[in-house]
Amino acid sequence: MASSTLRRVTKALLAPTLALGATIGLASAPASAAVWNSCDQWGNTNLNGYTLYNNIWGSGAGSQCIWANSGTNWGVWANHPNTGGIKSYPNQTKAINKSITSLGSLSSSYNVSVPSSGAYNTSYDIWDTDHDYEIMLWVNKTGPVGPLGSSQGTVSLGGHSWNVFKGTNGANEVFSFIRTSNSSSGTVNILPILKWIKDTKKWMGNETIGDVQFGYEVTSSSGGLNFTTNNLTVSSS
(Lines give C-alpha, C1' and ligand atoms only; values in the text may rest on other atoms or scores of the structure.)
Protein backbone atom coordinates (compact mmCIF):
# COMPACT_ATOMS: atom_id res chain seq x y z
CA MET A 1 0.00 0.00 0.00
CA ALA A 2 1.45 3.32 -1.06
CA SER A 3 1.44 6.10 1.48
CA SER A 4 -1.39 8.59 1.10
CA THR A 5 0.99 11.56 1.24
CA LEU A 6 3.19 10.31 -1.57
CA ARG A 7 0.22 9.44 -3.74
CA ARG A 8 -1.28 12.88 -3.21
CA VAL A 9 1.97 14.43 -4.41
CA THR A 10 1.82 12.25 -7.50
CA LYS A 11 -1.80 13.17 -8.19
CA ALA A 12 -1.00 16.85 -7.89
CA LEU A 13 1.81 16.35 -10.38
CA LEU A 14 4.26 18.18 -8.13
CA ALA A 15 6.78 15.37 -8.07
CA PRO A 16 8.16 15.83 -11.62
CA THR A 17 10.11 18.79 -10.26
CA LEU A 18 12.28 16.34 -8.30
CA ALA A 19 15.70 15.78 -9.81
CA LEU A 20 15.37 12.08 -9.10
CA GLY A 21 12.74 11.84 -11.80
CA ALA A 22 15.39 12.35 -14.44
CA THR A 23 17.64 9.59 -13.18
CA ILE A 24 15.50 6.67 -12.04
CA GLY A 25 14.61 4.01 -14.57
CA LEU A 26 17.16 4.25 -17.36
CA ALA A 27 16.17 1.02 -19.09
CA SER A 28 14.36 1.17 -22.40
CA ALA A 29 10.61 0.72 -22.61
CA PRO A 30 9.28 -2.15 -24.75
CA ALA A 31 9.06 -1.75 -28.50
CA SER A 32 5.30 -2.18 -28.23
CA ALA A 33 5.03 1.32 -26.77
CA ALA A 34 3.51 2.76 -29.91
CA VAL A 35 1.90 5.82 -28.35
CA TRP A 36 3.79 6.77 -25.16
CA ASN A 37 6.50 5.56 -22.81
CA SER A 38 8.43 6.95 -19.88
CA CYS A 39 11.16 5.82 -17.52
CA ASP A 40 10.82 8.92 -15.32
CA GLN A 41 10.00 8.36 -11.68
CA TRP A 42 6.74 10.29 -11.92
CA GLY A 43 6.12 9.95 -15.69
CA ASN A 44 2.46 10.48 -16.57
CA THR A 45 0.14 11.13 -19.48
CA ASN A 46 -3.55 11.27 -20.35
CA LEU A 47 -4.98 8.92 -22.96
CA ASN A 48 -8.59 8.12 -23.87
CA GLY A 49 -10.00 9.52 -20.63
CA TYR A 50 -7.49 7.76 -18.37
CA THR A 51 -4.30 8.98 -16.68
CA LEU A 52 -1.25 6.72 -16.66
CA TYR A 53 1.41 7.06 -13.94
CA ASN A 54 4.82 5.39 -13.64
CA ASN A 55 4.73 6.24 -9.90
CA ILE A 56 7.99 4.91 -8.41
CA TRP A 57 7.29 6.09 -4.87
CA GLY A 58 8.97 3.66 -2.46
CA SER A 59 12.47 3.72 -1.01
CA GLY A 60 15.21 1.48 -2.41
CA ALA A 61 13.60 1.31 -5.85
CA GLY A 62 15.41 0.22 -8.99
CA SER A 63 14.52 0.90 -12.62
CA GLN A 64 11.03 0.98 -14.09
CA CYS A 65 9.54 2.00 -17.44
CA ILE A 66 5.90 2.36 -18.42
CA TRP A 67 4.48 2.17 -21.95
CA ALA A 68 1.03 2.57 -23.46
CA ASN A 69 -0.64 1.73 -26.73
CA SER A 70 -3.81 3.40 -25.45
CA GLY A 71 -5.39 4.47 -22.18
CA THR A 72 -6.67 0.93 -21.66
CA ASN A 73 -3.70 -1.11 -22.99
CA TRP A 74 -0.39 -0.50 -21.25
CA GLY A 75 2.35 -2.16 -19.29
CA VAL A 76 5.45 -1.85 -17.16
CA TRP A 77 8.93 -3.30 -17.12
CA ALA A 78 10.27 -3.17 -13.56
CA ASN A 79 13.61 -4.19 -12.06
CA HIS A 80 13.35 -3.61 -8.31
CA PRO A 81 15.68 -5.33 -5.82
CA ASN A 82 14.65 -8.30 -3.72
CA THR A 83 14.11 -6.27 -0.55
CA GLY A 84 11.05 -5.53 1.56
CA GLY A 85 8.70 -2.60 1.11
CA ILE A 86 6.61 -1.52 -1.87
CA LYS A 87 8.71 0.23 -4.50
CA SER A 88 6.07 1.43 -6.94
CA TYR A 89 2.45 1.46 -8.00
CA PRO A 90 2.33 2.07 -11.75
CA ASN A 91 -1.33 2.59 -12.52
CA GLN A 92 -4.16 3.69 -14.75
CA THR A 93 -6.60 6.18 -13.20
CA LYS A 94 -10.20 7.04 -14.01
CA ALA A 95 -11.77 10.06 -12.30
CA ILE A 96 -15.31 9.42 -11.01
CA ASN A 97 -16.16 12.34 -8.66
CA LYS A 98 -19.60 11.13 -7.60
CA SER A 99 -20.99 10.28 -4.17
CA ILE A 100 -21.81 6.66 -3.46
CA THR A 101 -25.54 7.31 -3.31
CA SER A 102 -25.52 9.24 -6.60
CA LEU A 103 -23.81 6.41 -8.46
CA GLY A 104 -26.14 4.19 -10.45
CA SER A 105 -23.31 1.85 -11.38
CA LEU A 106 -19.55 1.52 -11.06
CA SER A 107 -17.75 -1.45 -12.55
CA SER A 108 -14.50 -2.45 -14.21
CA SER A 109 -13.23 -5.21 -16.48
CA TYR A 110 -9.59 -6.29 -16.39
CA ASN A 111 -7.29 -8.56 -18.40
CA VAL A 112 -3.64 -8.78 -17.40
CA SER A 113 -0.51 -10.83 -18.01
CA VAL A 114 1.71 -10.97 -14.93
CA PRO A 115 4.94 -12.78 -13.99
CA SER A 116 5.07 -15.95 -11.92
CA SER A 117 8.00 -14.65 -9.85
CA GLY A 118 8.75 -11.53 -7.84
CA ALA A 119 6.63 -9.99 -5.09
CA TYR A 120 3.66 -7.86 -6.08
CA ASN A 121 -0.09 -7.54 -6.20
CA THR A 122 -2.42 -6.54 -9.03
CA SER A 123 -4.98 -4.24 -7.51
CA TYR A 124 -7.61 -1.57 -7.76
CA ASP A 125 -7.01 1.41 -5.49
CA ILE A 126 -10.14 3.48 -4.91
CA TRP A 127 -10.02 6.84 -3.14
CA ASP A 128 -12.57 9.28 -1.82
CA THR A 129 -11.93 12.89 -2.80
CA ASP A 130 -10.69 13.83 0.69
CA HIS A 131 -8.31 10.87 0.87
CA ASP A 132 -9.78 9.76 4.19
CA TYR A 133 -10.50 6.26 2.87
CA GLU A 134 -8.67 3.87 0.58
CA ILE A 135 -10.38 0.76 -0.78
CA MET A 136 -8.06 -1.81 -2.32
CA LEU A 137 -9.26 -4.77 -4.39
CA TRP A 138 -6.49 -7.31 -5.02
CA VAL A 139 -7.30 -9.57 -7.96
CA ASN A 140 -4.00 -11.46 -7.78
CA LYS A 141 -0.78 -11.57 -5.78
CA THR A 142 2.58 -13.32 -5.89
CA GLY A 143 5.36 -13.61 -3.32
CA PRO A 144 5.55 -12.38 0.28
CA VAL A 145 3.00 -9.55 0.15
CA GLY A 146 -0.02 -8.86 2.33
CA PRO A 147 -2.55 -6.17 3.29
CA LEU A 148 -2.57 -3.80 6.23
CA GLY A 149 -4.82 -4.32 9.22
CA SER A 150 -6.75 -7.17 10.75
CA SER A 151 -8.93 -9.82 9.14
CA GLN A 152 -12.65 -9.08 8.92
CA GLY A 153 -13.68 -12.42 7.45
CA THR A 154 -14.68 -13.44 3.94
CA VAL A 155 -17.43 -11.93 1.80
CA SER A 156 -18.81 -12.48 -1.70
CA LEU A 157 -19.42 -9.15 -3.43
CA GLY A 158 -19.22 -7.70 -6.90
CA GLY A 159 -18.89 -11.09 -8.57
CA HIS A 160 -15.92 -12.32 -6.48
CA SER A 161 -15.09 -13.85 -3.11
CA TRP A 162 -12.75 -11.75 -0.95
CA ASN A 163 -10.82 -11.95 2.31
CA VAL A 164 -11.39 -8.56 3.93
CA PHE A 165 -8.92 -6.57 6.04
CA LYS A 166 -9.37 -3.26 7.86
CA GLY A 167 -6.52 -1.04 9.02
CA THR A 168 -4.82 2.32 8.74
CA ASN A 169 -1.53 3.60 7.33
CA GLY A 170 -1.47 6.55 9.74
CA ALA A 171 -2.95 8.95 7.21
CA ASN A 172 -6.18 7.26 6.13
CA GLU A 173 -8.38 4.22 6.74
CA VAL A 174 -7.60 1.26 4.49
CA PHE A 175 -10.11 -1.45 3.52
CA SER A 176 -8.47 -4.29 1.59
CA PHE A 177 -10.35 -6.98 -0.31
CA ILE A 178 -8.04 -9.85 -1.30
CA ARG A 179 -9.51 -12.21 -3.89
CA THR A 180 -9.58 -15.73 -2.45
CA SER A 181 -7.91 -17.07 -5.62
CA ASN A 182 -5.75 -15.38 -8.21
CA SER A 183 -7.40 -14.09 -11.38
CA SER A 184 -5.92 -12.60 -14.56
CA SER A 185 -9.21 -11.47 -16.11
CA GLY A 186 -12.75 -10.69 -15.08
CA THR A 187 -15.26 -8.00 -14.19
CA VAL A 188 -15.66 -6.38 -10.78
CA ASN A 189 -18.92 -4.71 -9.82
CA ILE A 190 -17.40 -2.08 -7.53
CA LEU A 191 -20.53 -0.26 -6.34
CA PRO A 192 -21.89 -3.13 -4.17
CA ILE A 193 -18.51 -3.24 -2.41
CA LEU A 194 -18.69 0.47 -1.61
CA LYS A 195 -22.29 0.11 -0.39
CA TRP A 196 -21.33 -2.85 1.81
CA ILE A 197 -18.59 -0.76 3.44
CA LYS A 198 -20.97 2.18 3.88
CA ASP A 199 -24.31 0.55 4.71
CA THR A 200 -23.57 -2.92 6.08
CA LYS A 201 -20.34 -2.26 7.99
CA LYS A 202 -20.83 1.50 8.48
CA TRP A 203 -17.08 2.04 8.17
CA MET A 204 -17.61 5.25 6.19
CA GLY A 205 -20.40 7.59 5.18
CA ASN A 206 -21.66 8.78 1.82
CA GLU A 207 -18.20 9.60 0.49
CA THR A 208 -17.55 11.14 -2.90
CA ILE A 209 -15.49 8.65 -4.90
CA GLY A 210 -12.66 10.48 -6.61
CA ASP A 211 -10.30 8.11 -8.44
CA VAL A 212 -10.49 4.47 -9.41
CA GLN A 213 -6.94 3.31 -10.02
CA PHE A 214 -5.74 -0.05 -11.34
CA GLY A 215 -2.13 -1.18 -11.34
CA TYR A 216 0.67 -3.19 -9.82
CA GLU A 217 2.10 -2.71 -6.32
CA VAL A 218 5.62 -4.00 -6.88
CA THR A 219 7.78 -4.96 -3.92
CA SER A 220 10.48 -6.84 -5.83
CA SER A 221 11.10 -7.78 -9.46
CA SER A 222 14.82 -8.53 -9.50
CA GLY A 223 16.31 -8.99 -12.96
CA GLY A 224 13.41 -7.21 -14.66
CA LEU A 225 9.82 -8.41 -14.99
CA ASN A 226 6.99 -7.43 -17.33
CA PHE A 227 3.48 -6.54 -16.19
CA THR A 228 0.96 -6.07 -19.00
CA THR A 229 -2.53 -4.64 -18.85
CA ASN A 230 -4.04 -6.15 -21.99
CA ASN A 231 -7.27 -4.29 -21.36
CA LEU A 232 -8.72 -2.36 -18.43
CA THR A 233 -11.90 -0.32 -18.54
CA VAL A 234 -13.83 1.51 -15.83
CA SER A 235 -17.45 2.55 -16.39
CA SER A 236 -19.90 4.44 -14.21
CA SER A 237 -23.27 6.10 -14.32
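A few points on the structure. (Residues numbered from 1 in each chain as written. Predicted model: local features only at pLDDT ≥ 70, side-chain atom pairs only at ≥ 80, totals over all residues. Heavy atoms only, no water.)

**Focus: the overall build of the chain**
Then, in step 1: Counting its secondary structure elements, the chain contains two helices and 15 strands.
Then, in step 2: Burial analysis of the chain (237 residues in total) assigns 53% to the buried set.
Then, in step 3: Looking at the chain as shown, the accessible area adds up to about 9,100 Å², and 48% of this sits on carbon and sulfur atoms. (Helix = DSSP H or I, 4+ residues; strand = E, 2+ residues; numbered from the N terminus. Buried < 20%, exposed > 50% of the residue type's maximum accessible area, 1.4 Å probe, protein only. Areas by Shrake-Rupley, 256 points an atom, 1.4 Å probe, with all protein chains shown as cover.)

**Thoughts on the side chain of Thr-45**
Then, in step 1: Tracing the backbone through its elements, the reader meets Thr-45 in strand 2 (residues 44-47).
Then, in step 2: The exposure class of Thr-45 is buried, given its relative accessible area of 18%.

**Remarks on the pattern of salt bridges**
Then, in step 1: Under the counting rule described, the total for this entry stands at two salt bridges.
Then, in step 2: Between Glu-173 and Lys-166 there is a salt bridge, with the nearest N and O atoms lying 4.0 Å from each other.
Then, in step 3: The class of Glu-173 is partly exposed, set by a relative accessible area of 30%.
Then, in step 4: With a relative accessible area of 28%, Lys-166 lands in the partly exposed category.
Then, in step 5: Ionic pairing is found between Asp-199 and Lys-198, a salt bridge with its closest N-O pair at 2.7 Å.
Then, in step 6: Taking relative accessible area as the criterion, Lys-198 reaches 17% and is therefore assigned buried. (Salt bridge = Lys/Arg side-chain N within 4 Å of Asp/Glu carboxyl O.)

**Things to note about the nonpolar core**
Then, in step 1: Counting residues in each nonpolar core, the largest one holds 46 residues, and the members touching the most others are Leu-106, Tyr-124, Ile-135, Leu-137, Phe-177, Ile-197 and Val-212.
Then, in step 2: Ranked by the residues each element gives to this core, the list is headed by helix 2 (residues 190-200), at six residues.
Then, in step 3: Core analysis: the next-biggest nonpolar cluster, separate from the first, contains five residues, Ala-119, Trp-138, Val-145 and Ile-178 among them. (Core = buried A, V, L, I, M, F, W, Y, C linked by side-chain atoms within 4.5 Å.)

**Observations concerning the environment of Ile-135**
Then, in step 1: Tracing the backbone shows Ile-135 in strand 9 (residues 133-142).
Then, in step 2: Given the relative accessible area of 1%, Ile-135 is considered buried.
Then, in step 3: Separated by 40 residues in sequence, Ile-135 and Phe-175 place their C-alpha atoms 4.8 Å apart.
Then, in step 4: Sequence-distant contacts of Ile-135, defined by excluding residues within four places in its chain, comprise Tyr-124, Asp-125, Ile-126, Phe-175, Phe-177, Leu-194, Ile-197 and Met-204. (Contact = heavy atoms within 4.5 Å.)

**Some points on the sheet that holds strand 15 (residues 225-236)**
For sheets, the rule is that strands pair by backbone hydrogen bonds, running either parallel or antiparallel.
Then, in step 1: What the six strands build is an open sheet, ordered 1-4-5-15-7-13; its pairing is antiparallel. Edge positions in the sheet fall to strand 1 (36-38) and strand 13 (185-189), since each of these pairs with one other strand and no more. For this sheet the average axis-to-axis angle between neighbouring strands, irrespective of direction, equals 20°.
Then, in step 2: Pairing between strand 5 (residues 73-79) and strand 15: five bridges, direction antiparallel. The residue of strand 15 that forms the bridge with Trp-77 is Asn-226.
Then, in step 3: Its contacts with the sheet place helix 2 against strand 7 (106-113) and strand 13, and it is angled at close to 45° to strand 13. (Pairing = 2+ DSSP bridges. Axes fitted to C-alpha atoms, helices over the stretch in contact; angles between N-to-C directions.)

**Here we look at the sheet that holds strand 6 (residues 91-99)**
Then, in step 1: In spatial order, the strands read 2-3-6-14-8-9-12-11-10; together these nine strands make up an open sheet with mixed pairing. One side of each edge strand has no neighbouring strand; the edge strands of this open sheet are strand 2 and strand 10 (150-157). For this sheet, the mean angle separating the axes of adjacent strands, direction not counted, is 25°.

**Topic: the environment of Ser-88**
Then, in step 1: With respect to the helices and strands, Ser-88 occurs in the loop between strand 5 and strand 6.
Then, in step 2: Since its relative accessible area comes to 0%, Ser-88 is described here as buried.
Then, in step 3: Considered as a pair, Ser-88 and Trp-57 are 31 residues apart in the sequence and their alpha carbons are 5.2 Å apart.
Then, in step 4: Leave out the neighbours within four places in its chain, and Ser-88 touches Asn-55, Ile-56, Trp-57, Gln-64, His-80, Tyr-216, Glu-217 and Val-218.
Then, in step 5: There is a polar contact of 2.6 Å between the side chain of Ser-88 and the side chain of Gln-64. (Polar contact = N/O pair within 3.5 Å; in protein donor to acceptor, adjacent residues only side chain to side chain.)

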